[in-house]
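The primary structure of each chain is shown beneath.
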Amino acid sequence: MDAGLLLQYLIVALAVLVSAWVVLKKQFPGTVRRMRGALALALLKPGRAGWLQALGRRIAPPVSGGGGACGGCDSCGPTPPKQH
């Protein structure tokens, strides 16, 4: 396989992954939060390498201050209707 073609495939694959991540975050914020939490807990286990634990702390979802029912994005306030 030509190196240029391989590079093209890698760039397209990266664009697809980034696009899928953005859609996942927009459409399913609770699922993304649970996935990030599970991954972070797996990386933060005692005995893991220091760089893995640092990666786990970086991946961990931010603490929600409101303690809302869904644990999602903290934007549950009422939205005013749009004026045309």
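Read on for an overview of the structure.

Rules and cut-offs
Residues numbered from 1 in each chain as written. Predicted model: local features only at pLDDT ≥ 70, side-chain atom pairs only at ≥ 80, totals over all residues. Heavy atoms only, no water. Helix = DSSP H or I, 4+ residues; strand = E, 2+ residues; numbered from the N terminus. Buried < 20%, exposed > 50% of the residue type's maximum accessible area, 1.4 Å probe, protein only. Contact = heavy atoms within 4.5 Å. Axes fitted to C-alpha atoms, helices over the stretch in contact; angles between N-to-C directions. Parallel < 35°, antiparallel > 145°, perpendicular 65-115°, else oblique. Left-handed = near helix turned anticlockwise from the far one by under 90°. Nonpolar A, V, L, I, M, F, W, Y, C, P; charged D, E, K, R; others polar. Patch = residues over 30% accessible without salt bridge, like charges linked within 9 Å, V, L, I, M, F, W, Y side chains within 5 Å. Areas by Shrake-Rupley, 256 points an atom, 1.4 Å probe, with all protein chains shown as cover. Salt bridge = Lys/Arg side-chain N within 4 Å of Asp/Glu carboxyl O. Expected span 1.5 Å × (residues − 1).

This next bit is on the overall build of the chain. Check the secondary structure of the chain and you find three helices and zero strands. Reading the secondary structure of the chain in the N-to-C direction produces α-α-α. The buried share of the chain, taken over its 84 residues, is 8%. Within the chain, contacts between residues separated by at least 24 positions form 24% of all contacts whose residues are at least 6 apart in sequence.

The next thing to look at is the packing of helix α2 (residues 29-43) against helix α3 (residues 50-59). α3 packs onto α2 with a crossing angle of 160° between their chain directions and a minimal axis gap of 8 Å. As the angle between them shows, α2 and α3 are arranged roughly antiparallel. α3 is crossed by α2, and the crossing has left-handed handedness. Contacts from Arg 36, Leu 39, Ala 40 and Leu 43 in α2 reach Leu 52, Gln 53, Leu 55, Gly 56, Arg 58 and Ile 59 in α3. The residue inventory of the contact of α2 with α3, partitioned by class, reads six nonpolar, two polar and two charged.

A few words now on the packing of helix α1 (residues 3-27) against α2. It is the contact of α1 with α2, at a shortest axis distance of 5 Å, that shows an interaxial angle of 115°. In terms of orientation, α1 and α2 fall into the roughly perpendicular class. Every residue of α2 that contacts α1 at Trp 21, Leu 24, Lys 25, Lys 26 and Gln 27 is listed here: Pro 29, Val 32, Met 35 and Arg 36. Looking at the contact of α1 with α2 residue by residue, the classes come out as five nonpolar, one polar and three charged.

A separate point is a nonpolar patch on the surface. Taken together, the side chains of Met 1, Leu 5, Leu 6, Tyr 9 and Leu 10 make up a nonpolar region of the molecular surface, amounting to roughly 550 Å² of accessible area. With relative accessibility at 53%, the residue Leu 10 sits in the exposed group.

Another point: the environment of Trp 21. Residue placement: Trp 21 occurs in helix α1. Sequence-distant contacts of Trp 21, that is, excluding residues within four places in its chain, are made with Val 32, Met 35 and Arg 36.

Once that is clear, we can look at α2. In this model α2 runs 21 Å from its N-terminal to its C-terminal C-alpha over 15 residues, within 8% of the 21 Å that 1.5 Å per residue would give. Elements in contact with the buried residues of α2: α1 and α3.

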